[in-house]
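Structural overview
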Amino acid sequence: MWLAQRVQRVRPSGVRKIFDLARKAKDPVNMSLGEPDFDVPVPIKEEAVEWTRKGFNKYPPSGGIPELREKLSAYLKARGIFCEDVVITPGVTGGILLALMVTLDPGDEVLIPDPSFVMYEYQTSLLGGTPVFFDTYPDFTLREELLRPAITKKTKIIIINSPNNPTGAVCSREELEMVARIAREKNILLFSDDIYERFFYEGESAPPCLGQLCENVLTFGGFSKTWGMTGWRVGYVAGPKDIIDAMVTMLQYVFSGVHSVSQKAAVFALDHPMDDVIEAYRRKRDLIYDGIRDRFRVVKPKGAYYIFPEVPGGDGDSFVERALAHNLFIIPGSVFSRRKSHVRISFAASEPVIVKGIEILRSLA
Ligand code: PLP
């Protein structure tokens, strides 16, 4: 009776549903998680404790503490990423919400690849925008012939996420150049969700990102994945100054600011190397891919920590039900997509869990 109409535009995340089931299960083989399986490195925790003790516990400036903003700005510029200014946000989740709040008018369309991270669709709908999807199956690449027809006069934003949740795909330079060219031609703003920027498994150097290719772009990043700081809620958004300024103003009313001590810890974390962890994730990627590739039609993930196979028979929902009956927790592809033929398997898990998971997956295929 009291609920606003916008509540009807969102439903509880299908990911959460599986998490909750896994929490209640005894010894679950949990390959549903969207967060790293390692804890925050000890020196980062100590930094946070130290700042708490020193009394850094008051309201922080709305746009973020200056040393974190400056450090991130230098970090992004050194990578050739367009950054007139940067704002600290409560995770990328808060960053995308604020960015949509200051750019989206009711009825504006937001182009989103299918499959993709669920949040983009719901935040767009919540703010009165219209999510419009373009297909990336079967290999999860961005193709001009599918992207272009989805553009209308109302298209305001295109959201790209590379490395990708849920597919593990990493966009090539050619794909990103195509998107940047179309966005320039049609005067569209690009959102580049780079949260998995360090999780790449092919080649030594970081994959390209949209922020390196144009100036009509907001780059989103954060500390949740690389340093396992999911609970600390620190993210950032970089891009054109007028948009960042508007986000800082909006932040004052929506969140007030981002947790002060977490920001100090983030300043420290940015210099903390995580190469060993990424190397371990490359091994996990190889383990799961080699373990299932002869039974499932599957694209080898090049980044993030997800693999997105098509299930035999093409019904991912019922496949997940069967997996649950064997205590294996994975997410139906239909949570991320208009299709239900695939499932998302997270390899952010220990090697014994992955080995057990492979055994169950093979027995179900
Ligand atoms: N973007 C993508 C693609 C994600 O997969 C996630 C978390 O799973 C987020 C953003 C949320 O990040 P944060 O913890 O910074 O809000």
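For the structure, check the block above.
Residues numbered from 1 in each chain as written. Predicted model: local features only at pLDDT ≥ 70, side-chain atom pairs only at ≥ 80, totals over all residues. Heavy atoms only, no water.

1. Here's the deal with the pairing of strand β2 (residues 85-89)
How we decide: Buried means the residue's accessible area, taken with a 1.4 Å probe over protein chains only, is under 20% of the maximum for its type, while exposed means over 50%, and partly exposed covers the values in between. In this description a helix means any DSSP run of H or I spanning at least four residues, a strand means any run of E spanning at least two, and both kinds are numbered starting from the N terminus. Strands qualify as paired when DSSP identifies two bridges or more between them.
Where burial is concerned, most of β2 is hidden: five out of the five residues are buried. Of the two faces of β2, the one lined by Asp85, Val87 and Thr89 and the one lined by Val86 and Ile88 are each fully buried. Strand direction decides the pairing type here: β2 and strand β8 (residues 235-239), joined by five bridges, are antiparallel. Residue pairing for β8: Thr89 is matched across the bridge by Gly235.

2. Observations regarding the environment of Arg173
Threshold: Throughout, a contact is declared for two residues whenever any of their heavy atoms are within 4.5 Å.
Relative to the elements of secondary structure, Arg173 occurs in helix α7 (residues 173-186). Distance from Arg173 to Thr219, taken between C-alpha atoms, is 16 Å for residues 46 residues apart in sequence. Sequence-distant contacts of Arg173, that is, excluding residues within four places in its chain, are made with Pro208 and Leu213.

3. What about the site of the ligand?
For the record, the criterion: Near residues are defined by distance, with any heavy atom within 4 Å of the molecule or strand qualifying the residue. Polar contact is the term for a pair of N or O atoms within 3.5 Å; when the atoms are in protein, one must be able to donate a hydrogen and the other to accept it, and sequence-neighboring residues count only if both atoms are side-chain atoms. To measure how exposed things are, a 1.4 Å probe is used in the Shrake-Rupley method; for residues, cover is taken only from the protein chains shown. Throughout this entry, Asp, Glu, Lys and Arg are counted as charged residues, while Ala, Val, Leu, Ile, Met, Phe, Trp, Tyr, Cys and Pro are counted as nonpolar. The remaining residues, Gly among them, count as polar.
Among the 13 residues in the neighbourhood of the ligand, the closest are listed as Val92, Thr93, Asp193, Ser224 and Lys225. Interatomic distance of 2.6 Å between a side-chain N/O atom of Asp193 and a nitrogen atom of the ligand. In the environment of the ligand, an oxygen atom lies 2.7 Å from a nitrogen or oxygen atom belonging to the side chain of Ser224. When the ligand is considered free in solution it has 400 Å² of accessible area, and contact with the protein chains removes 93% of it. For the shell around the ligand, the leading source of residues is helix α4 (residues 91-103), giving three residues. Residue classes in the shell around the ligand are distributed as five nonpolar, five polar and three charged.

4. Remarks on the nonpolar core
Rule in force here: Throughout this description, the term nonpolar core refers to a set of buried Ala, Val, Leu, Ile, Met, Phe, Trp, Tyr and Cys residues connected via side-chain atoms within 4.5 Å.
Within the largest apolar cluster, 100 residues are counted, with the highest numbers of intra-cluster contacts made by Phe191, Phe223, Ile288 and Ile330. Looking at this core, the element that brings in the most residues is helix α10 (residues 275-292), giving six residues. Setting aside anything within four residues of it in sequence, one finds Ile288 in contact with Met31, Ile307, Ile345, Phe347, Ile354, Ile358 and Leu361. Ile151, Ile160, Val179 and Ile188 belong to the second largest nonpolar core, which has 23 residues in total.

5. Some words on helix α11 (residues 316-325)
Spelled out, the test is: Regarding the arc, it is the one traced by the directions from the helix axis to the C-beta atoms.
Every buried residue of α11 is listed here: Gly316, Phe319, Val320, Ala323 and Leu324. Down the axis of α11, the smallest arc covering the buried residues is 140 degrees, so these residues share one side. Turned more than 90 degrees away from the buried face of α11 sit Glu321 and Ala325, all of them exposed. Where α11 is buried, its residues touch α1 (14-24), β10 (328-329), β11 (331-332), β12 (343-346) and α12 (351-364). Sitting at the amino-terminal end of α11 is Asp315, which places a side-chain oxygen 3.1 Å from the backbone nitrogen of Asp317. Directly after α11, the chain includes Asn327, whose backbone phi takes a positive value near 70 degrees.

None of this, on its own, says anything about what the molecule does.
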